[in-house]
Amino acid sequence: MRYVSRVPRPPLDGLIDDLYYLEGTAPYARLTLPPAPSALLIVNLGAPFHIRGGSDTETGEYADGCVVTMPTCAWDFGYPSRTRSVGVHFKPWGLAPFLPMPAAELRDRPVTVEQVWGRSAMAELQDRLAAADRPPELLTLLEEELTRRLSETAGLGLVRYTSGVIAATGGAVPVGDLSVAAGVSATHLAKRFKELIGVTPKRLARTHRFAYTVLTINPAEPIDWGALAAGAGYFDQAHFGHEFQAFTGLTPTRYLEVRRQFLRDHPGHALDGWALPAD
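What you see is a predicted model, and the numbers here were worked out from it, not measured in a lab. (Residues numbered from 1 in each chain as written. Predicted model: local features only at pLDDT ≥ 70, side-chain atom pairs only at ≥ 80, totals over all residues. Heavy atoms only, no water.)

**A word on the packing of helix α4 (residues 156-168) against helix α5 (residues 175-182)**
Quick reminder of the rule: Simply put, an axis is a line fit to the C-alpha atoms, just over the touching stretch for a helix, and the angle between two N-to-C directions goes from 0 to 180 degrees. Under the scheme used here, helices are H or I runs from DSSP no shorter than 4 residues and strands are E runs no shorter than 2 residues, and both carry numbers assigned from the N terminus. Convention used here: angles under 35 degrees read as roughly parallel, angles over 145 as roughly antiparallel, angles from 65 to 115 as roughly perpendicular, and any remaining angle as oblique. A crossing counts as left-handed when the near helix is turned anticlockwise from the far one by less than a right angle, and as right-handed when that turn is clockwise. Should any heavy atoms of two residues lie within 4.5 Å, those residues are considered in contact. Each residue gets one of three labels, nonpolar for Ala, Val, Leu, Ile, Met, Phe, Trp, Tyr, Cys and Pro, charged for Asp, Glu, Lys and Arg, and polar for the others, Gly among them.
At a minimum axis distance of 10 Å, the contact between α4 and α5 shows a crossing angle of 140°. The angle between α4 and α5 falls in the class oblique. Judged by the twist between their axes, the crossing of α4 over α5 is right-handed. Contacts from Leu158, Tyr161, Thr162, Val165 and Ile166 of α4 reach α5 at Leu178, Ala181 and Ala182. Split by residue class, the contact of α4 with α5 holds seven nonpolar, one polar and no charged.

Next up, the structure:
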């Protein structure tokens, strides 16, 4: 599977982690993605894919692509036999300037790009992308579209600053301290977070802590779960296990088994590290 990515130029670099191009055959027909402190936009250039946004939603077909605000639960992504797309990994607050609605309206409810940007605009963008041959050209076209659509967003500076504090501490900062440091009420801060990210500061902190913990796991080595939980600031190993189950649907030991199987089946694969086989 071919994966090409790069960081966009300013001012988009303050909103986006990377732009990427993905092409090839996925390692599994369905993958489960645990919640991450990130939002996502995909413009599909191949056969439709299928997404189930949460345990209470039905699987939907996405032909033109999808928009996913920061999730609160694991979600399933079903690939066609061969896939081709360009996409954007946004910082938690980064999608807000490109949405016509509050992010909370899309929480755990992926929508098509057409539903966000409109049918004619989406068709025009896909036509321009289809005419490009090489990944760098595709990423430049996507970057130009995002730059054109960038809009002023009330409260973005506040949410960006406090989200940065949460990220810098790996989610371990007391949430009450954030509003005090920012000079606003906790209610005001939570409202802005829901509007721009889709979740409260507390939920973002939980997601950062979980992501930080999971990304420190090396599946090729023995894991001391107690030490890992303590290092990440969980109360105890039971608290860690409960959070792990809530975020992934798996126990920590089962997660490790699945990751190790992935490594054995697909060593060095571009999708290893976060996505998990859904079956």
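**Considering the pattern of salt bridges**
To be explicit about the condition: By salt bridge we mean one thing: a side-chain nitrogen of Lys or Arg within 4 Å of a carboxyl oxygen of Asp or Glu. Note on exposure labels: buried denotes an accessible area under 20% of the residue type's maximum, exposed denotes more than 50%, and partly exposed covers the range between, all computed with a 1.4 Å probe on protein chains only.
Counting across every chain of the model gives 13 salt bridges. For Glu145, the salt bridge goes to Arg149, with nearest N and O atoms at 2.7 Å. Of this pair, Glu145 and Arg149 both sit in helix α3 (residues 135-149), four residues apart, which is roughly one turn of the helix. The exposure class of Glu145 is buried, given its relative accessible area of 2%. Arg149 sits in the partly exposed class, given a relative accessible area of 22%.

**Comments concerning the side chain of Asp76**
Keep this limit in mind: We define a polar contact as two N or O atoms separated by no more than 3.5 Å, with the added condition that, inside protein, one atom must be a possible hydrogen donor and the other a possible acceptor, whereas residues neighbouring each other in sequence contribute only through side-chain atom pairs.
In this structure, Asp76 sits in strand β8 (residues 75-78). Reaching out from Asp76, the side chain makes a polar contact with the side chain of Arg30 at a distance of 2.8 Å. Looking at Asp76, its side chain comes within polar contact range of the side chain of Thr32, at 2.8 Å.

**So, the nonpolar core**
Filter applied, for reference: Definition used in this section: a nonpolar core is a set of buried Ala, Val, Leu, Ile, Met, Phe, Trp, Tyr and Cys residues joined via side-chain atoms within 4.5 Å.
Counting 47 residues, the largest nonpolar core has Phe90 and Leu146 as its most contacted members. The greatest single-element share of this core, amounting to five residues, is contributed by α3. Beyond its immediate sequence surroundings of up to four residues, Phe90 is in contact with Leu15, Ile16, Asp17, Ser38, Ala39, Leu40, Leu41, Leu95, Phe98 and Leu146. Core analysis: the second largest hydrophobic core is formed by 19 residues, Leu22, Leu31, Phe49 and Val68 among them.

**Details of the packing of α4 against helix α7 (residues 201-215)**
The geometry of α4 relative to α7 is characterised by a closest axis approach of 9 Å and an angle of 30° between their N-to-C directions. The element α4 and its partner α7 pack so that their crossing is right-handed. On α7, the residues touching Ser163, Ile166 and Ala167 of α4 are Pro201, Leu204, Ala205 and His208. Considered class by class, the residues forming the contact of α4 with α7 number five nonpolar, two polar and no charged.

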